[in-house]
Amino acid sequence: MSARKRKRGKKMLQTCKSILKKHGWLQWVLCAVCGLLFFGGMYVIAYHNAEWWRPWLPTSINNDEVMYNRQLAGVLTSGQPRGYFGYNETHAPVGHFGAWGPIVIYLYAIPGVLFGTGCNTMLWCNISFAVVGWIVFVRGTRLSWKKQIAFALGMACLWLPLRLIFSGMSEPSQYFLVLMILGASVALQRQFRVGWFGVLAVACALTTITRAYTVLLWIFPIVILWKKHRRWAVTSIGLGAASLAGYLSVTSFLNSPYFSGGDVDFTALEMLLQGNAVQSVQYEIQHVETELSTLWQEYLRPTLTGNPQDQGCAFLTMMVLVLLVLFCTIYDAVHKRPVVLKVCALLCTGVCLVALLGLYTVGTLHRHCSLLNVLLLAVLVYENAHSILMCLPLVPLLVINTYSHTLPTYRADIDAQIQTARAALTESWQARASEDPWDSTLAYAYADGVFHGFLYAVPDGMGIQFDMNTYIADETQPIYSRYAMVNHGTDAEARLLAEGWQQLVSTEKLVVYERPDAVQ
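The structure presented is a predicted model; accordingly, all values stated were derived computationally and were not measured.

Student: Before we move on, can you summarise the environment of phenylalanine 129 with the specific residues and values?
Tutor: Examined against the element boundaries, phenylalanine 129 turns out to sit in helix H5 (residues 121–141). Look at phenylalanine 129 and you get buried, because its relative accessible area is 6%. Taking the C-alpha atoms as reference points, phenylalanine 129 and isoleucine 464, separated by 335 residues in sequence, lie 26 Å from one another. With sequence-adjacent residues up to four places away left out, phenylalanine 129 is seen in contact with Leu107, Tyr108, Pro111, Pro172, Ser173 and Phe176.

Student: So what's going on with the sheet that holds strand S6 (residues 511–514)? Which residues, and what values?
Tutor: Spatial ordering of the open sheet is given by S1-S3-S2-S4-S6-S5, a layout of six strands whose pairing is mixed. Strands with a single pairing partner mark the edges of an open sheet, and in this sheet they are strand S1 (86–87) and strand S5 (502–506). Relative to strand S3 (residues 463–468), S1 is paired through two bridges, and the arrangement is parallel. Paired with glycine 86 across the strands is glutamine 465, a residue of S3.

Student: Before we move on, can you summarise the packing of helix H14 (residues 310–334) against helix H16 (residues 365–382) with the specific residues and values?
Tutor: Interaxial distance between H14 and H16 falls to 9 Å at its minimum, and their mutual angle equals 25°. Considering the angle they form, H14 stands roughly parallel to H16. Relative to H16, H14 is oriented so that their crossing is left-handed. Along the contact surface, H14 presents Asp310, Gln311, Ala314, Phe315, Thr317, Met318, Leu321, Val322, Leu324, Val325 and Cys328, while H16 presents Leu365, His366, Cys369, Leu372, Asn373, Leu376, Leu377 and Leu380. A per-class count over the contact of H14 with H16 returns 14 nonpolar, four polar and one charged.

Each value, and the rule that gives it
Residues numbered from 1 in each chain as written. Predicted model: local features only at pLDDT ≥ 70, side-chain atom pairs only at ≥ 80, totals over all residues. Heavy atoms only, no water. Helix = DSSP H or I, 4+ residues; strand = E, 2+ residues; numbered from the N terminus. Buried < 20%, exposed > 50% of the residue type's maximum accessible area, 1.4 Å probe, protein only. Contact = heavy atoms within 4.5 Å. Pairing = 2+ DSSP bridges. Axes fitted to C-alpha atoms, helices over the stretch in contact; angles between N-to-C directions. Parallel < 35°, antiparallel > 145°, perpendicular 65-115°, else oblique. Left-handed = near helix turned anticlockwise from the far one by under 90°. Nonpolar A, V, L, I, M, F, W, Y, C, P; charged D, E, K, R; others polar.

So this is what it looks like as structure tokens:
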């Protein structure tokens, strides 16, 4: 009887395989279902002790999320925000986007049309990107079900990428692009098709235009196509250079300046361009030493002594992945197995890490490391015969990576104040109907005690200026924005009152003022 059942089971399995082989679209649907089940299951498991069915990003502790959300709302309603996004009353030379737009925002607008302009739009877009990335990666590489389980296990162990997918941050779009790059690269390895090359080129270009150091990912199409399709490899070199030029153009003309220059330090490059090569090298060495010291003192040591930090967890995870991929590369090279993707991934990771330590501050290192970790994990799973076995060393990382993290959920008191402020702003803004972008902009007093989640009260299409509260309080600094959101009884509010600003709406935690026409 048991033998008969086994025979029947094998027959059913063969029937299913033949159906999937005959109807290729069913394989894409099956991948989508698997991706949804994995990400949905991880979401419920991670936040089972919270109101996981009621995520609400206005209570998130990350203030970048509201800037992404409100810019996306502006794109979905008007093609671009009608007001200026910027910092300390600045704006981009061209357009109205902030420091990380507009390419990222327009990318999010593609799935965003399905979800509207609500508070959680970025979250739903991130989940969509994750599922589509899963589909393209699995279909392009033709991962077996065992390797899909290994990839899912690895992603669970990394955790930070999953946590960012369940947020309103933009990093998941980078994971999506990396998975597309790997899926398309393997498909081209198997058989060249212009369609897959188009997918690969678009993914590489988008990630380069949004993050300059990811120009290194162009190494995948160049290396894979160089031997048999050199014309397309040379084309990839040209497209890589063009996308890097696109990044420089976008950041120069379409992005607003970020406070005093942001987290990128170009001092060494400026010294080099001025002919001070020795001083440039000395400065860069000192900068890297400082950042490594900060990494150890503030992030790695606390993580290793029971106080996990995102930066420390992401860096340690990356080191473990690098060692695993390096071991597999050496082992496979000795046994004459494929190592091309692993070598490319290791090269990208090494050069990117040097660039990150040389140009960025380690405070944002976890966001960049999470991208490289997804790249390393995907390569490790695909280009290795024993994927599950190789992912087992990642399991101990669960101890540090899955430390307590709160899911932002609904709060009626915050929502009531958001709705009150939004109604007042919408009424005033629509009544004015001005074409001046500054009349469609609200200045937010950062560090003034007003929770940034209240910025979801800004109507769709209105811009936001993230102004330091000391900037608004300083009478010598101009305020061009028509509206200003400050806290009660602060120096920023005193400056507005002294200059004749009129109160538009007041709640328990905030007050919004409108600039009279006489004040410029």
